[in-house]
Amino acid sequence: LDFYVGGDNMLKIDEGNNTTTLQGNLIAANPKFFAWKSSDQIILEDADRTIIFDTEIFDVGADYNVSNGIYTAPVDGKYNFSAQIRIDLLDIDANEIRISLVTSDATYRSPFDPNFSGDLTTYSYNINVLADMDANDTAYIAVFVADDRGNSTHVHGFNNVSFIDTFFSGHLVV
């Protein structure tokens, strides 16, 4: 299927649902994924920890790796990524918590100063990023907890697809 504007082939879709733009960019069947955590992950203090989202709901293009939590872009383009992290057992002594989308080209950080009057049993927050990625660039989610004084902080996972608290998703926009 070809789309022409003013004599120029602006968009071509082949039998495999792959799309080629006027600029020659190949868009492989609109890659997208959604993965979630099925079990808790302990976060140690003062270091970025990669979060492993170990269960996929879908992965069009098979570009997300459930064993290491890394997405690999199949083609050049702009990718929208979203993540929600549920933190359990956040100690009152924590003075910073941060969720980051780490890509081959940049780290997008969302820092938060908890500054609560007591320990938190549960807290969730999100990050959303539109990132420019080249083919074979990677993206993953990391969590950092500063000055937790040795107390356990958990990224919550739950082994029930009906209750998804911690997840990572992404898709090619253009």
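Residues numbered from 1 in each chain as written. Predicted model: local features only at pLDDT ≥ 70, side-chain atom pairs only at ≥ 80, totals over all residues. Heavy atoms only, no water.

A closer look at empty space enclosed by the protein
In the structure shown here, the tally under the stated rule is one cavity of 30 Å³ or more. Counted as a void, the largest cavity has a volume near 30 Å³. Together, Leu90, Asp91, Ile92, Pro114, Phe116, Gly118, Asp119 and Leu120 line the largest cavity. Residues of the lining of the largest cavity, tallied by class, amount to five nonpolar, one polar and two charged. (1 Å grid on protein atoms, 1.4 Å probe; cavity = no way out; pocket = protein on both sides within 12 Å on 5 of 7 lines; lining within 4 Å. Points joined across faces, edges and corners; volume = space filled by probe spheres on them. Nonpolar A, V, L, I, M, F, W, Y, C, P; charged D, E, K, R; others polar.)

A few points about the pairing of strand S17 (residues 167-172)
Burial of S17 is extensive: five of the six residues sit out of reach of the surface. Where strand S5 (residues 32-36) meets S17, five bridges bridge the pair, whose relative direction is antiparallel. Each residue of the ladder has a partner; that of Phe34, found in S17, is Ser169. (Buried < 20%, exposed > 50% of the residue type's maximum accessible area, 1.4 Å probe, protein only. Helix = DSSP H or I, 4+ residues; strand = E, 2+ residues; numbered from the N terminus. Pairing = 2+ DSSP bridges.)

Notes on the nonpolar core
A general feature of soluble globular proteins is that nonpolar side chains tend to end up buried together. Among the nonpolar cores identified, the biggest contains 32 residues, and Phe81, Ile141 and Phe168 are the most heavily contacted of them. Only S5, strand S11 (77-90), strand S12 (96-103), strand S14 (120-133), strand S15 (138-146) and S17 provide two or more residues apiece to this core. Those residues within four positions of Ile141 in sequence are excluded, and the remaining contacts are Arg49, Thr50, Ile51, Phe53, Ala83, Ile85, Ile99, Ser100, Leu101, Ile127 and Phe168. (Core = buried A, V, L, I, M, F, W, Y, C linked by side-chain atoms within 4.5 Å. Contact = heavy atoms within 4.5 Å.)

Thoughts on the pattern of salt bridges
Inspection of every chain in the model, using the stated rule, returns five salt bridges. Close ionic contact of Lys78 with Asp132 constitutes a salt bridge, the shortest N to O distance being 3.2 Å. Of this pair, Lys78 sits in strand S11 while Asp132 sits in strand S14, and the two are 54 residues apart along the sequence. You can call Asp132 partly exposed: its relative accessible area is 44%. The shortest N-O distance in the salt bridge between Arg86 and Asp165 comes to 2.7 Å. (Salt bridge = Lys/Arg side-chain N within 4 Å of Asp/Glu carboxyl O.)

Observations regarding the environment of Asn136
Here Asn136 is to be found in the loop between S14 and S15. The spatial distance from the C-alpha of Asn136 to the C-alpha of Asp63 is 9.6 Å, given a sequence separation of 73 residues. The contact partners of Asn136, leaving out residues within four places of it in the chain, are Thr72 and Ala73.

With respect to the side chain of Asp88
When you line up the elements, Asp88 lands in strand S11. Here Asp88 falls in the buried class, since its relative accessible area comes to 10%. Reaching out from Asp88, the side chain makes a polar contact with the side chain of Thr122 at a distance of 3.4 Å. Once residues lying within four places of it in the same chain are set aside, the contact partners of Asp88 are Thr121, Thr122, Thr153, His154 and His156. (Polar contact = N/O pair within 3.5 Å; in protein donor to acceptor, adjacent residues only side chain to side chain.)

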